[in-house]
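Here is how the chains run, residue by residue.
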Amino acid sequence: MATNVKLPELGEGVSEGELVKWLVQPGDVVKADQPIAEVMTDKATVEVPTPIAGTVVELKFKSGDVVKVDSIMLVLEASAGASAKVVAPVAAAKPAAPTTAQPTAQQNFVAASPSISPPVADAKTLATPATRRLAREMSVDINTLNGTGLAGRVTRDDVLSTKAGNSMGTGATRAPGLSIPRPAYQGGGGAEERVAMIGIRRKIAENMQKSKAIIPHFTIMDQANVTALVAFRESLKDYAEKNDTKITYLPIVIKAMIATIREFPMFNASIDDATSEIVYKKYFNIGFAADTPNGLMVPVIKNADQKTIVELSKEILDLSKRAREGRLKLEEMKGASITITNIGSIGGTYATPVINHPEVAIIGMYKIDEKPVIKNGQLEAIKTMNYTVTADHRLIDGAVAARFLKSFLERIENPARLMMDMI
């Protein structure tokens with residue numbers, strides 16, 4: 001009996017995925033739970049297994065195609081007595097133990113040709129779509145490579161070196177006669193390479209374009225004397241180690257931001273564009289920008305006002321690590337009421353971050369510098385850090401943003417006052 005195998009739901013808000021490659025071909029005999037395809041979503045690369053045993057009759061898509069959720073991926077001639085294993089999909093970006101979830105109503109059968117949506121197993125290898133495409137073109141099994149990129153990501157050079165019979169960094173020469181594909185020369189304009197904007201890069205582009213199109217941004221900047229803040233953080237190192245964590249400036253800044261928002265609640269709000277209503281949030285879900293091999297991700301700390309600096313530190317480290325590894329759950333990147341970005345951990349003096357729609361503000365913190373100042377007729381050095389507030393001008397006026405930033409910096413410059421504000 002012919003059975004249609006559909007692409008299952010891949011998570012809340014995920015409506016499609018790119019078919020990275022087929023793991024089976026027509027005529028192959030497959031077992032129940034055997035992976036049949038790799039699919040990349042906005043957040044992760046996953047494997048789709050077949051819930052029943054059978055023989056592959058037809059593949060409905062080719063590698064590189066974007067497949068909508070609930071679309072028929074392939075047709076199986078089910079083995080006698082085979083029945084579908086009904087398990088909800090679980091997406092992940094690294095191998096993990098099999099996960100059992102609750103049954104989903106979308107897995108149903110039709111009289112002549114039943115259609116089933118299989119669960120999603122774990123992906124094997126972290127790599128960009130362009131790298132995967134190169135590996136396919138060069139007949140390299142990307143799942144056998146040890147990635148040299150951040151968090152073990154397989155890079156373009158990893159694929160080229162493997163094809164050439166070399167290992168990265170060995171100094172070995174390329175195998176004689178091997179032709180490495182290069183971008184075609186395009187007349188007088190020079191070489192070009194075109195890579196499809198798909199997966200998380202496309203999602204980031206869509207979100208940024210939407211935010212800039214809807215929100216009239218403006219940014220205000222100022223500098224804080226963080227000499228006391230630096231000393232305060234230094235004094236917490238031993239305590240942090242005893243509690244098995246590391247305290248960065250971010251959790252302290254989050255506490256200062258929350259205390260300031262209590263004075264200026266319009267910063268912890270959103271605008272419902274459909275109803276023209278201002279939605280004031282009575283909770284503090286703080287998003288923080290995380291730089292990962294797959295692009296920008298924004299993990300969310302839920303109810304941050306109810307957590308200590310130590311608790312915030314542990315959660316930030318955990319979320320950051322899993323963001324780099326591509327193991328964040330979708331719900332861990334949703335529901336932020338305001339976002340903070342720590343560009344200073346990389347470098348930079350000032351920036352104008354883009355607001356994460358439908359939020360109405362984003363706070364930026366930058367690198368720490370040492371600056372000479374004259375105090376009481378004496379020259380001394382102080383620690384300084386720049387901060388920005390980018391706000392939605394539909395709700396927040398320039399004077400309000402200036403007062404918010406002034407109050408915020410007073411807490412940053414005086415950790416003792418910040419402690420008095422904590423609940």
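Further up the page is the structure itself.
Residues numbered from 1 in each chain as written. Predicted model: local features only at pLDDT ≥ 70, side-chain atom pairs only at ≥ 80, totals over all residues. Heavy atoms only, no water.

### Focus: the environment of Glu380
Next up, step 1: Secondary-structure assignment places Glu380 in strand β19 (residues 378-392).
Next up, step 2: Leave out the neighbours within four places in its chain, and Glu380 touches Lys371, Pro372, Val373 and Lys375. (Helix = DSSP H or I, 4+ residues; strand = E, 2+ residues; numbered from the N terminus. Contact = heavy atoms within 4.5 Å.)

### Observations concerning the sheet that holds strand β4 (residues 35-40)
Next up, step 1: Across the sheet, four strands lie side by side as β5-β4-β2-β7; this open sheet has antiparallel pairing. What marks the edges here is a single partner per strand, and that holds for β5 (45-49) and β7 (66-68). Across the sheet, the mean angle from the axis of one strand to that of its neighbour is 45°, orientation sign disregarded.
Next up, step 2: When strand β2 (residues 16-22) meets β7, the two strands line up antiparallel, connected through three bridges. From the neighbouring strand, Gly17 faces β7, where its bridge partner is Val67. (Pairing = 2+ DSSP bridges. Axes fitted to C-alpha atoms, helices over the stretch in contact; angles between N-to-C directions.)

### Side note on the pattern of salt bridges
Next up, step 1: Tallied over the full model, the rule gives 18 salt bridges.
Next up, step 2: Glu16 is paired through a salt bridge with Lys68; the nearest N and O atoms lie 2.8 Å apart. Of this pair, Glu16 sits in strand β2 while Lys68 sits in strand β7, and the two are 52 residues apart along the sequence.
Next up, step 3: Residues joined in a network through salt bridges with shared partners are Glu263, Glu410, Arg411 and Arg417. (Salt bridge = Lys/Arg side-chain N within 4 Å of Asp/Glu carboxyl O.)

### A closer look at the pairing of strand β18 (residues 361-375)
Next up, step 1: Two elements, strand β17 (residues 338-342) and β18, share four bridges in a ladder whose sense is parallel. Looking at β18, one finds that Thr339 is bridged to Ile362.
Next up, step 2: Pairing geometry for β18 and β19, over 13 bridges, is antiparallel. Each residue of the ladder has a partner; that of Asp369, found in β19, is Thr384.
Next up, step 3: The hairpin formed by β18 and β19 contains two residues between the paired strands, and Asn376 there has a positive phi angle of roughly 55°.

### Brief notes about the packing of aromatic side chains
Next up, step 1: Under the counting rule described, the total for this entry stands at six aromatic pairs.
Next up, step 2: Their ring planes at 75° and their centres at 5.8 Å tell us that Phe264 and Phe404 sit as a pair that is edge-to-face. With Phe264 in the loop between α6 (249-263) and β11 (269-272) and Phe404 in helix α8 (residues 398-413), this residue pair connects regions lying 140 residues apart in the sequence.
Next up, step 3: Phe264 sits in the buried class, given a relative accessible area of 12%.
Next up, step 4: Linked through ring pairs, Phe264, Phe267, Tyr387, Phe404 and Phe408 together constitute an aromatic cluster.
Next up, step 5: In this structure, Arg233 packs its charged tip against the face of Tyr249, placed 4.6 Å from the ring centre. (Phe/Tyr/Trp six-rings, centres within 6.5 Å; stacked < 30°, edge-to-face > 60°. Buried < 20%, exposed > 50% of the residue type's maximum accessible area, 1.4 Å probe, protein only. Lys NZ or Arg CZ within 6 Å of the ring centre and 35° of its normal.)

### Examining the packing of α6 against α8
What describes two packed helices is the angle between their axes and the distance between those same axes.
Next up, step 1: Contact geometry of α6 with α8 gives a least axis separation of 9 Å together with a crossing angle of 140°. The orientation of α6 relative to α8 falls into the category oblique. Between α6 and α8 lies a crossing whose hand is right-handed. Contacts from Val253, Ala256, Met257, Ala259, Thr260, Ile261 and Glu263 in α6 reach Phe404, Ser407, Phe408, Arg411 and Ile412 in α8.
Next up, step 2: For the contact of α6 with α8, the residue count by class is eight nonpolar, two polar and two charged. (Parallel < 35°, antiparallel > 145°, perpendicular 65-115°, else oblique. Left-handed = near helix turned anticlockwise from the far one by under 90°. Nonpolar A, V, L, I, M, F, W, Y, C, P; charged D, E, K, R; others polar.)

### Topic: the environment of Val140
Next up, step 1: In this fold, Val140 is placed in the loop between α1 (129-137) and α2 (156-163).
Next up, step 2: C-alpha separation for the pair Val140 and Val159, spaced 19 residues apart in sequence, amounts to 7.0 Å.

### A short note on the sheet that holds β18
Next up, step 1: On the basis of which strands lie adjacent, the open sheet formed by six strands has the order β10-β19-β18-β17-β13-β16 and mixed pairing. Of all strands in the sheet, those bounded by a partner on one side alone are β10 (217-225) and β16 (300-301).
Next up, step 2: As paired elements, strand β13 (residues 286-288) and β16 share two bridges and run antiparallel to each other. Looking at β16, one finds that Ile286 is bridged to Ile301.
Next up, step 3: Packed on one face of the sheet, helix α4 (residues 227-235) meets β10, β18 and β19 and runs near 90° to β19.

### As for unusual backbone geometry
Next up, step 1: With an omega of 10°, the peptide bond between His357 and Pro358 qualifies as cis.
Next up, step 2: For Pro358, the location among the structural elements is in the loop between β17 and β18.
Next up, step 3: For Asn303, which is not a glycine, the phi torsion comes out positive at approximately 50°.
Next up, step 4: Among the structural elements, Asn303 can be located in the loop between β16 and α7 (309-324).
Next up, step 5: Asn303 gets classed as partly exposed once you look at its relative accessible area, which sits at 32%.

### Thoughts on the side chain of Thr384
Next up, step 1: Checked against the element boundaries, Thr384 lands in strand β19.
Next up, step 2: Not counting chain neighbours up to four residues away, the residues in contact with Thr384 comprise Gln223, Ala224, Val226, Lys367, Ile368, Asp369 and Lys371.

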